[in-house]
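Each chain, letter by letter, is given below.
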Amino acid sequence: MKIVLNGETREITALTLAEMLVECGFSGRVATAVNEEFVPSSLRIAHELVDGDRVEVVAPMQGG
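Quick caveat: nothing in here was measured; it's all calculated off a predicted structure. (Residues numbered from 1 in each chain as written. Predicted model: local features only at pLDDT ≥ 70, side-chain atom pairs only at ≥ 80, totals over all residues. Heavy atoms only, no water.)

### As for the overall build of the chain
Next up, step 1: The secondary structure content of the chain amounts to one helix and five strands.
Next up, step 2: Along the chain, helices (α) and strands (β) appear in the sequence β-β-α-β-β-β when read from the amino end.
Next up, step 3: Over its C-alpha atoms the chain spans a radius of gyration of 11 Å, differing by no more than 12% from the 11 Å that the globule rule assigns to 64 residues.
Next up, step 4: Looking at the 64 residues of the chain, the share that counts as buried comes to 30%.
Next up, step 5: When contacts within the chain are restricted to residue pairs at least 6 apart in sequence, those whose partners lie at least 24 apart make up 50%.
Next up, step 6: Here the chain has roughly 4500 Å² of accessible surface; of this, 54% comes from carbon and sulfur atoms.
Next up, step 7: Across the chain, 5 positive and 10 negative side-chain charges occur, with their mean positions spaced 6 Å apart. (Helix = DSSP H or I, 4+ residues; strand = E, 2+ residues; numbered from the N terminus. Rg over C-alpha atoms; globule rule 2.2 N^0.38 Å. Buried < 20%, exposed > 50% of the residue type's maximum accessible area, 1.4 Å probe, protein only. Contact = heavy atoms within 4.5 Å. Areas by Shrake-Rupley, 256 points an atom, 1.4 Å probe, with all protein chains shown as cover. Lys, Arg positive; Asp, Glu negative; His and termini not counted. Charge placed at Lys NZ, Arg CZ, Asp CG, Glu CD.)

Structure follows, in structure tokens:
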């Protein structure tokens, strides 16, 4: 299916948000939103993606 990940169109095979994070190489602590709605880490495994979803993944940065 096609999704928009951080502003870029991507073709993925993952069916859930948790699977998409693994497929796209995200690890560690990240914040996620689908179609501008925050998705907590505890709900990612059950959050099913559909064609055209807009997914944002943000990782915390160190420094100041």
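Additional details are given in the paragraphs that follow.
### A look at the pairing of strand 2 (residues 8-11)
Next up, step 1: In this sheet, strand 2 lies alongside strand 1 (residues 2-5) in antiparallel orientation, the contact comprising four bridges. When the sheet's bridge partners are listed, K2 is paired in strand 2 with E11.
Next up, step 2: Linking strand 1 back to strand 2 in an antiparallel pair, the connection comprises two residues, with N6 at a positive phi of about 50°. (Pairing = 2+ DSSP bridges.)

### Describing the sheet that holds strand 5 (residues 54-58)
Next up, step 1: Read across the sheet, five strands follow the order 2-1-5-3-4 without closing on themselves; strand pairing throughout is mixed. What marks the edges here is a single partner per strand, and that holds for strand 2 and strand 4 (37-39). On average, each strand axis in the sheet is tilted by 35° relative to the strand beside it, whichever way the strands run.
Next up, step 2: In this structure, strand 3 (residues 31-34) lies alongside strand 5, joined through four bridges in antiparallel fashion. If you follow A31 over to strand 5, its bridge partner there is V58. (Axes fitted to C-alpha atoms, helices over the stretch in contact; angles between N-to-C directions.)

### Focus: the side chain of D53
Next up, step 1: Structurally, the position occupied by D53 is in the loop between strand 4 and strand 5.
Next up, step 2: No salt bridge is formed by the buried D53, whose closest oppositely charged neighbour, R54, lies at an N-O distance of 6.7 Å.
Next up, step 3: Engagement of the side chain of D53 in a polar contact is seen with the backbone nitrogen of V50, the distance being 3.0 Å.
Next up, step 4: Setting aside residues no more than four positions away along its own chain, D53 makes contact with K2, I3, V4, V34, N35 and E48. (Salt bridge = Lys/Arg side-chain N within 4 Å of Asp/Glu carboxyl O. Polar contact = N/O pair within 3.5 Å; in protein donor to acceptor, adjacent residues only side chain to side chain.)

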